Amino acid sequence: MTFALVRTRALDGLAAPEVTVEVHLANGMPSFTLVGLPDTEVREARDRVRAALLISQFEFPQRRITVNLAPADLPKEGGRFDLPIALGILAASRQIPARSLEGQEFCGELSLDGRLRGIRGALAAALAARRAGRALFLPQVNADEAILARGVTIQPADSLLTICAHLTGQTAIQPHTVPALPDAGTMENDALDLLDVRGQFLARRALEVAAAGAHSLLFYGPPGTGKSMLAKRLPGLLPPLDEDEALESAAVYSIVGGFDAKRWRMRPFRSPHHSASAAALIGGGSTPMPGEISLAHHGVLFLDELPEFDRRVLESMREPLEAGVVCVSRARQRAEFPARFQLVAAMNPCPCGYSGHPARACTCSPAQIASYHARLSGPMLDRIDLTIEVPPVSYSDLAGRPAGESSAAVRARVIQARERQISRQGVPNARLEAGQIEELCAPDAAGAALAEAAMHHLNFSARAYHRVLRVARTLADLGGDERPGAKHMAEAIQYRRRPGMAK
């Protein structure tokens, strides 16, 4: 046989579309032609494959070799096609049986000595192979990640020779088994504890509310008051990821370089520097890759020093905050990445940080303070559910014994509140749609009167009003109440205070 066909997977966002590697050997001057829209890394496979076959003691055919990566209109990138190309050449030259390649898929980058290197997107490829009902051969280093797909046969190998020995019936490769994964107790023990935070009872309460309803949150106050400490303790209050959420989160990490199975079901926490570009935060590149908002999918995105971020970068987050997805479009490719993250941000009240400080004088002029606050647009602030001032901590709070609750105690209440929300509407309160808000968040008569007064006196937008209702619904869930009342509405309205508002 001078023709062979091998199935593999490309990467297209979080999808792993099937690619058929067709290899044909013909008479004529020896050559190696690779077609099917390969990028530079894929075209370099010719040299890697040739060296790997020769060093592995296989014969490299001295014929006209044509390799077609179909479909031709799908961009191909990375070294993941090395292994299927090498196997196709071996099958077409009858060095391994072509029938052994049927019903199986292969992904892997070859080193010059025939060893297999890890690839990006192993989990996405495993999920696609499971849907197709085929076994997947890939590098040993990707096995723990790929097996998380469950229900798919993963055949890991460390070299081309190992796979060829399996295909020729000499030494069988044993299917990979699911590794030991952490449980919820381990996750709770690894998280930072709220007991480390002294004082700041209002901020701690807001953190609990944000965790219970998956609400976005902004802390503002002078330097050193505990804003970052509070934000970093939010993951320890959140429920563990369920199976589907964990798979989605792991799939995003898989395509940027691999997922650590030890972090299975743990909420991601991302904290990019304020110098991050729009592509780093939102995603981008000539080959679209996920950004920080997608890496924080089903977890927490913490933006410290919020006004120091480029305004255009912050404005580009407005749509993902609402929709939970981000689309990255390029001339030849469009990719969609999930971005259902929980935003937590922190900022100072002014450039020097001490506006309103009880003991230190602010050195900023009113114009400088106004300019500092103007870096955050109204539409962006409108999308933040809770805004909390974090004042300086008193000496008695700082030097005394911890007076607040531990993360474990708060987390128990958060989980109960989340369970109420999931059983009632299937999603956390922060993700309720407009129609659901009117049905599920409607306050009682006293609460409705308070909401009407707030709309008139505080000039709430429709979006702000709906966010107040969502927060009030969360407060009712934390208290075990059937519907929001006046006390819930009053507390939710207090959480709408913007930085710089008069007290």
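The structure this text deals with has already been given above.
Since this is a predicted model, take the numbers as computed values, not measurements.

### Looking at the pattern of salt bridges
Item 1. Summed over the entire model, instances satisfying the criterion amount to 28 salt bridges.
Item 2. Where Glu 77 meets Arg 120, a salt bridge forms, and the shortest distance between an N and an O atom there is 2.9 Å. Of the two residues, Glu 77 is situated in the loop between strand E4 (64–70) and helix H3 (82–92) and Arg 120 in the loop between strand E7 (116–117) and helix H4 (122–132); the sequence distance between them amounts to 43 residues.
Item 3. Judged by relative accessible area, which is 12%, Glu 77 ranks as buried.
Item 4. Take Arg 120: its relative accessible area is 24%, and that puts it in the partly exposed class.

### Regarding empty space enclosed by the protein
Item 1. Inspection of the entire model under this criterion finds 1 cavity of 30 Å³ or more.
Item 2. Counted as a void, the largest cavity has a volume near 60 Å³.
Item 3. Broken down by class, the residue content of the lining of the largest cavity amounts to 4 nonpolar, 3 polar and 3 charged.

### Quick word on the layout of surface pockets
Item 1. In this structure, the largest pocket encloses a volume near 920 Å³.
Item 2. Taken together, the elements giving at least two residues each to the lining of the largest pocket come down to helix H14 (318–323), strand E17 (342–347), helix H18 (407–425) and helix H21 (462–479).
Item 3. Take the lining of the largest pocket: its biggest share by element is 5 residues, from H21.
Item 4. Among the residues forming the lining of the largest pocket, the class breakdown is 19 nonpolar, 7 polar and 14 charged.

### Comments concerning the packing of H21 against helix H22 (residues 486–494)
Item 1. Running from amino to carboxyl end, H21 crosses H22 at an angle of 125°, the nearest separation of the two axes being 8 Å. The angle between H21 and H22 places the two elements in the oblique class. Every pair of crossing elements has a handedness; the one defined by H21 and H22 is right-handed. Facing H21, whose interface residues are Val 468, Leu 469, Val 471, Ala 472, Leu 475 and Ala 476, H22 presents His 488, Met 489, Glu 491, Ala 492 and Ile 493.
Item 2. By residue class, the composition of the contact of H21 with H22 is 9 nonpolar, 1 polar and 1 charged.

The rules behind each value
Residues numbered from 1 in each chain as written. Predicted model: local features only at pLDDT ≥ 70, side-chain atom pairs only at ≥ 80, totals over all residues. Heavy atoms only, no water. Salt bridge = Lys/Arg side-chain N within 4 Å of Asp/Glu carboxyl O. Helix = DSSP H or I, 4+ residues; strand = E, 2+ residues; numbered from the N terminus. Buried < 20%, exposed > 50% of the residue type's maximum accessible area, 1.4 Å probe, protein only. 1 Å grid on protein atoms, 1.4 Å probe; cavity = no way out; pocket = protein on both sides within 12 Å on 5 of 7 lines; lining within 4 Å. Points joined across faces, edges and corners; volume = space filled by probe spheres on them. Nonpolar A, V, L, I, M, F, W, Y, C, P; charged D, E, K, R; others polar. Axes fitted to C-alpha atoms, helices over the stretch in contact; angles between N-to-C directions. Parallel < 35°, antiparallel > 145°, perpendicular 65-115°, else oblique. Left-handed = near helix turned anticlockwise from the far one by under 90°. Contact = heavy atoms within 4.5 Å.

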